[in-house]
Amino acid sequence: MKISKNYFFIFLLFFINIFLILLDLSIGELKTSFFDIIEVLFFNTNNNLRNIILDIRLPETLAASLTGAILAISGALIQISMENPLASPYTLGISHGALLGVAFAILFFGLSSKFVYILAFLGAFSTVIILFLLNKIKKLNASSLVLAGVAISSLYGAISLFLQFLSSDLELSAIVYWTFGDLTKATYFSLKVLFIFLVLGYIYIELKKYKIFSLELGEEVALSLGIEVNRLKLINLILATFLVSLTVAFFGIIGFVGLVVPHLTRLLFGKEIKTFFTLNLLLGSILLVLADIFSKALLAPQILPIGILTSILGAPTFLYLLMRGR
Amino acid sequence: MLVVKSLAYKDILKDINFKLSKKSLVAILGPNGSGKSTLIKCLANIIKDYSGDIILFGKNIKSIPQRDFPKYVAYVPQKSFGNALKVYDTILLGRLASKNFSKPTKKDLEFIDKIIEELSLQNIAYKETMNLSGGELQKVQIARALAQEAKILLLDEPTNNLDIKNKFLLFELLKKLSQKILIISILHDIDFSLNYADYFIFLKNGKIVKSISKDFVKEEDILNLFDLELWRMSFSKVSLKTV
């Protein structure tokens, strides 16, 4: 047994994360320095800057951090439970299911309805159920499962378009707005909800990580190791779907983070059971905060919706994974 | 130790009965499609909807809770695929399975180190299993199964993909282990089996045609089992100790 150097990396990523969050806070239309931010956050200076940073910038930055972490752990859970390296909330159409739920909620229950969250989850979960059943009927390999995800995405996309066709101008703009993930929608309420469920999800994963990783040994071996395989997979998928649907309900679709981060974690730090999920979570947060920085810096003073940025960067990575195969 | 009573599964297994009561190396031999793997999977509690009874240490295996099963039986499948997990972690999972996946203790980790040393896996202990050769992967799977410290070890063609030297080493290992636990293995290497196994179960068309101790195996038995009337084997003349 040797002490893993990954513990050191956990510390390192944590501090990189803090640094990037502060950096992200210092970027915006009003020029502020790194030290201004520290002053505002830790010393009670009472001025306009404080309002800008605490009310506008901080929610967005924290939303990036939390959403990145949530998408990363959801992606890892889905990849392990589907035994499929190409699986992720986005590539399987889970995010699109959530989006369809959001469109339904907006159209039938109004813009500010709390049904948005419930229907987002139901929409997302319907994708998982369909994929799970398809997989039961005929064992799908990695590529065909993703193809099934594409088919479901386009079906749900078409239904969303139909709903947009039926909707008023106001509803239409709300639905369209949701299709590109945008963190400027963040409120302290959404942050609280995301934080609570991220912590609960992380605790679940840390408690069950050895069982979860046993799934990597294949169904038969996992069974012989005393794991109730189907039950464990289903719980993992429900948790991942729920977490993803929350982010979609709050901010819209932010693609490819859930796909790319688990692979990146493995490439950088290896798939070590003790530390994988923690590193994966921190890396997810780092990547999305970084994306948030770019989304503000690229077309300043315009803020690019972050979902557009992650898709531009994520799609080539997906193609690379697809071409590389297993 | 292990009693199987009128076990049947679909059309694959028919009225299987046997009783194994000693620590030993038991070889299951039979032509392709004779139901060997299915039998092993029933014993490993992977297939559960069979009829008949499998009794382990006086308990019907259906009455043993799933999570306690790894303490009784360890299983190594026919085909193992590598994955991104490290060799060390893979073996650790076997260990933890036998204690309901509670947190690994120092003792557990020392035990893993011991197994790694015993099977001389030190050089690959921190490699990802997908980067291993077929032989190495097989050894890691066996190490994972041994880490369970189960009372019975089930192996499905463990010598697949192994070259002659690794086969030899594996059989030496199994022989040594069989003094401590009951090992039941599907085997295709008849020469090796006859040299190493203590007991034989001959399976054909889902039925046991014979189950006998090593000393009573006749050339005729093997020839009949594989429908090889014309082909005369020289198994009795081969001494693998000289390889």
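Predicted, not measured: the structure shown is a model, and the values here were computed from it. (Residues numbered from 1 in each chain as written. Chains lettered and ligands numbered in written order. Predicted model: local features only at pLDDT ≥ 70, side-chain atom pairs only at ≥ 80, totals over all residues. Heavy atoms only, no water.)

Further remarks concern the environment of I115 of chain B. Within the element layout of this structure, I115 of chain B appears in helix α4 (residues 106-118). A C-alpha to C-alpha distance of 12 Å links I115 of chain B and L173 of chain B, two positions 58 residues apart in sequence. (Helix = DSSP H or I, 4+ residues; strand = E, 2+ residues; numbered from the N terminus.)

A few words now on the sheet that holds strand β1 (residues 2-9) of chain B. Residues and elements named next belong to chain B. The four strands are arranged β2-β1-β4-β5 in an open sheet whose pairing can be described as antiparallel. Two strands lie at the open edges of the sheet, namely β2 (13-20) and β5 (59-60), each paired on one side alone. Strand direction decides the pairing type here: β1 and strand β4 (residues 51-56), joined by five bridges, are antiparallel. The residue of β4 that forms the bridge with K5 is D53. Contacts from helix α1 (residues 36-43) reach β1, β2 and β4 within the one sheet, and its direction differs from that of β2 by about 60°. (Pairing = 2+ DSSP bridges. Contact = heavy atoms within 4.5 Å. Axes fitted to C-alpha atoms, helices over the stretch in contact; angles between N-to-C directions.)

Attention shifts here to the packing of aromatic side chains. For the coordinates displayed, the defined rule picks out 21 aromatic pairs over all chains. Between F250 of chain A and F251 of chain A, the ring centres sit 5.9 Å apart and the planes meet at 45°, which makes this aromatic pair tilted. The structure contains a cluster of three or more aromatic residues connected by ring pairs, namely Y117, F189, F250 and F251 of chain A. Note that K62 of chain B overlies the ring of Y50 of chain B, its terminal NZ or CZ placed 4.2 Å from the centroid. The ring of F111 of chain B carries R95 of chain B above its face, with NZ or CZ at 4.2 Å from the centroid. (Phe/Tyr/Trp six-rings, centres within 6.5 Å; stacked < 30°, edge-to-face > 60°. Lys NZ or Arg CZ within 6 Å of the ring centre and 35° of its normal.)

Contacts between the two partners involve 22 residues from chain A and, on the opposite side, 31 residues from chain B. Across the chain A to chain B interface the summed buried area is about 2,400 Å²; carbon plus sulfur atoms make up 63%. At the junction of chain A with chain B, the criterion picks out two salt bridges. Between the two partners, chain A and chain B, sit seven residue pairs in polar contact (both at pLDDT 80 or more). Going through the elements one at a time, α8 (188-214) and α9 (219-224) of chain A are the ones with two or more residues in the side of chain A that touches chain B. Looking at the side of chain A that touches chain B residue by residue, the classes come out as nine nonpolar, four polar and nine charged. (Buried area = accessible area lost by both parts, 1.4 Å probe. Salt bridge = Lys/Arg side-chain N within 4 Å of Asp/Glu carboxyl O. Polar contact = N/O pair within 3.5 Å; in protein donor to acceptor, adjacent residues only side chain to side chain. Nonpolar A, V, L, I, M, F, W, Y, C, P; charged D, E, K, R; others polar.)

All names here are of chain B. Among the six residues of strand β9 (residues 199-204), five are classified as buried, and the element is accordingly described as predominantly covered. Here strand β3 (residues 25-29) pairs with β9 via four bridges, running parallel. What sits directly across from L29, in β9, is F202. Here six bridges tie β9 to strand β10 (residues 207-213), and the two strands are oriented antiparallel to one another. Paired with F202 across the two strands is K210, which belongs to β10. (Buried < 20%, exposed > 50% of the residue type's maximum accessible area, 1.4 Å probe, protein only.)

For N280 of chain A, the position within the fold is in helix α12 (residues 276-297). Leave out the neighbours within four places in its chain, and N280 of chain A touches A72, I73, A76, V261, P262 and T265 of chain A.

What follows is about the sheet that holds β3 of chain B. Residue and element names in this part refer to chain B. With respect to topology, six strands assemble into an open sheet ordered β6-β7-β8-β3-β9-β10, the strand pairing being mixed. The open sheet has two edge strands with one neighbour each: β6 (73-76) and β10. Neighbouring strand axes in the sheet, compared pairwise and without regard to direction, differ in orientation by 15° on average. The sheet strands contacting α1 are β3, β6, β7 (152-156), β8 (182-186) and β9, and the helix crosses β8 at an angle near 150°.

Looking now at the packing of α8 of chain A against α12 of chain A. Residue and element names in this part refer to chain A. Remark: α8 packs on α12, axes separated minimally by 9 Å, with the N-to-C direction vectors making an angle of 140°. The residues of α12 that touch α8, namely those facing L198, Y202, I205, E206, K209, I212 and F213, are F276, F277, T278 and L281. Its residues assigned to classes, the contact of α8 with α12 comprises eight nonpolar, one polar and two charged.

Residue and element names in this part refer to chain A. One way to put it is that helix α4 (residues 94-109) packs onto helix α5 (residues 115-137) with a least axis distance of 6 Å and a crossing angle of 145°. Crossing angle aside, the handedness with which α4 passes α5 is right-handed. For the pair α4 and α5, the contacting residues are I94, G97, A98, G101, V102, F104, A105 and F109 in the first and F115, V116, L119, A120, G123, A124, T127 and V128 in the second. Classifying every residue of the contact of α4 with α5 gives twelve nonpolar, four polar and no charged. (Left-handed = near helix turned anticlockwise from the far one by under 90°.)

Here chain B shows a mean pLDDT of 88. Residues at 70 or above account for 94%. Listed scores for the predicted complex are pTM 0.88 and ipTM 0.89. (pLDDT = per-residue confidence, 0-100.)

This part is about the nonpolar core. In terms of nonpolar packing, the biggest core is built from 188 residues, with L2 and I184 of chain B touching the most fellow members. In terms of residue count, the dominant contributor to this core is helix α3 (residues 48-81) of chain A (15 residues). Excluding its chain neighbours within four sequence positions, the residues that come into contact with L2 of chain B are F18, K19, L20, L43, I54, I55, L56, I152, L182 and I184 of chain B. Residues F256, L259, V260 and L321 of chain A belong to the second largest nonpolar core, which totals seven residues. (Core = buried A, V, L, I, M, F, W, Y, C linked by side-chain atoms within 4.5 Å.)

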